[in-house]
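# Remarks on the overall topology
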Amino acid sequence: YKVFDVAEIRKDFPILHQTIHGKPLVYFDNAATTQKPQSVIQALSDYYNEINANIHRGIHTLAERATAEYEATREISRQFINASSTEEIIFTRGTTEGINLVAATFGKSLKAGDEVLVTTMEHHSNIVPWQMLCEEKGATLKPIPINDAGEVILEEYEKLLSEKTKIVAIVYVSNSLGTINPVKQMIDMAHQHGATVLIDGAQASAHLEINVQDLDCDFYVFSSHKLYGPTGVGVLYGKKALLEAMPPYQGGGEMIKDVSFTRTTYNELPYKFEAGTPNIADTVAFKKALEYINEIGKPVISEYEHELLTYATESLQEINGLRIVGTAKEKISIVSFIVKGIHHQDIGIILDTQGIAVRTGHHCTQPLMNRFEIPGTSRASFAMYNTKEEIDKLVKGLHKVIKMFA
Ligand code: PMP
């Protein structure tokens, strides 16, 4: 890997070099979506300028080029999570669609009385599809309890597992707390009870090295836009045998082998789950995002981000009246906090006037907020292009907020 130089990295992200309300932008909303390097932005216009054609069906040169580019992203996505075959890599619109796809297809096998387990810290997108499925099937959705630090209580999880457990859906890294869940162990525990496991990798994938074969998860989902890539693209990984046994998701072109009015046969993997013209341009550009990450190296990125996390945690803890929500031992670079007597929305608005972008609210994890008996938090989430100087600005900004409300 190259020597990590944040100043050099920042040069690759044009959006960072602007002022907001007259102040240099400090972008701390990376858990919502990351900014895009120039190579990704360039790839989008290159695609439309030079390559654009529909994929898979054409025999002309542009169609072949577009198909090759699209399939190259599938291969680099496979490598990125160490799946054994590109047949196991299905392109979706994002994490949300990946989960809905599994709930709507694999979920068909659920029966009344079956149980689906999720953790208390799930994003709504890893709760609601299962809730809808359980309602339809007469199955039950059960939350796995967490402790006050925001960690799954494994003894409670063990108690919830039984022959009734059919699906366990777990977030690898909490978008609200930053907690890294011990998913490998949790997958193993679920498998001992015959359950199938889906891992929500939306937050984990940009920060941790992902190895789906080592984890032994049955499904793994993530989004391009949280990985420095374009919006509207995601990946669903599934074990081949499971994907083969599952019915298709949507019907249409591309997902078929032969169609007649009496009978349709379906295409082979992964195309069986990719009906219609996909988001070709964004998928093609996503390759540049993965190449960008690979060039710098995940371990290097993680190490730097962990430095930012430690620095931010120590700095924020010194602020009177501020409490960090989510103090797990294993965390990625997310700091959620509340300030005594000040509504999170006010914090967000005042920080914005200083050019600082943080997220405020429940972060699509209302059951988690209920667990902590709070309406929401302010959340600063760091990416590889953030700096300690920016964290200093956040601390200064928060002192200003507190002074205004004193
Ligand atoms: N799960 C987690 C943990 C997330 O952070 C997010 C995005 N906030 C999602 C799922 C949903 O991802 P998307 O909106 O890209 O479908």
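These lines cover the structure that appears in this document, whether it is placed above or below. Quick caveat, the model's predicted, so the values are computed rather than measured. (Residues numbered from 1 in each chain as written. Predicted model: local features only at pLDDT ≥ 70, side-chain atom pairs only at ≥ 80, totals over all residues. Heavy atoms only, no water.)

Our focus in this paragraph is helix α5 (residues 128–137). Of all the residues in α5, the buried ones are Pro129, Trp130, Leu133 and Cys134. Buried residues in α5, looked at end-on, bunch into an arc of 135°, giving them a common side. When the buried face of α5 is taken as reference, the exposed residues oriented beyond 90 degrees from it are Met132, Glu135 and Glu136. The elements touched by buried residues of α5 are α4 (95–105), β5 (115–119), β6 (140–144), β7 (165–171) and β8 (196–200). (Buried < 20%, exposed > 50% of the residue type's maximum accessible area, 1.4 Å probe, protein only. Helix = DSSP H or I, 4+ residues; strand = E, 2+ residues; numbered from the N terminus. Arc of directions from axis to C-beta. Contact = heavy atoms within 4.5 Å.)

This part covers the site of the ligand. As a matter of local geometry, the ligand sits amid Thr95, Thr96, His123, Ser125, Val171, Asn175, Asp200, Ala202, Gln203, Ser223, His225 and Lys226. One of the side-chain nitrogen or oxygen atoms of histidine 123 is found 3.3 Å away from a nitrogen atom of the ligand. Lysine 226 is positioned with one of its side-chain polar atoms (N or O) 2.7 Å from a nitrogen atom of the ligand. Considered on its own, the ligand offers 390 Å² of accessible surface; in the complex 85% of this is hidden by protein. Assessed atom by atom at 2 Å from the grid points, the ligand resides in the largest pocket. Here the shell around the ligand is composed, by residue class, of two nonpolar, eight polar and two charged. (Near = heavy atom within 4 Å. Polar contact = N/O pair within 3.5 Å; in protein donor to acceptor, adjacent residues only side chain to side chain. Areas by Shrake-Rupley, 256 points an atom, 1.4 Å probe, with all protein chains shown as cover. 1 Å grid on protein atoms, 1.4 Å probe; cavity = no way out; pocket = protein on both sides within 12 Å on 5 of 7 lines; lining within 4 Å. Sits in = over half its atoms within 2 Å of the grid points. Nonpolar A, V, L, I, M, F, W, Y, C, P; charged D, E, K, R; others polar.)

Take the sheet that holds β6 next. Strand order in the open sheet formed by seven strands is β4-β10-β9-β8-β7-β5-β6, with mixed pairing between adjacent strands. Strands at the two margins of the open sheet, each flanked by one partner only, are β4 (89–92) and β6. Strand-to-strand twist across the sheet, computed as the mean angle between neighbouring axes with direction ignored, equals 20°. In this sheet, β6 lies alongside β5 in parallel orientation, the contact comprising five bridges. (Pairing = 2+ DSSP bridges. Axes fitted to C-alpha atoms, helices over the stretch in contact; angles between N-to-C directions.)

Attention shifts here to the nonpolar core. The biggest cluster of nonpolar side chains holds 109 residues, and the ones touching the most others in it are Ile81, Tyr172, Tyr220 and Leu316. Not counting the four nearest positions on each side in its chain, tyrosine 172 is found in contact with Thr179, Ile180, Asn181, Val183, Ile199, Asp200, Ala204, Leu208, Ile210, Leu215 and Tyr220. Among the nonpolar cores identified, the runner-up in size contains 24 residues, and Val102, Leu110, Trp130 and Ala169 belong to it. (Core = buried A, V, L, I, M, F, W, Y, C linked by side-chain atoms within 4.5 Å.)

In short, the description is geometric, and any link to function would need to be established separately.
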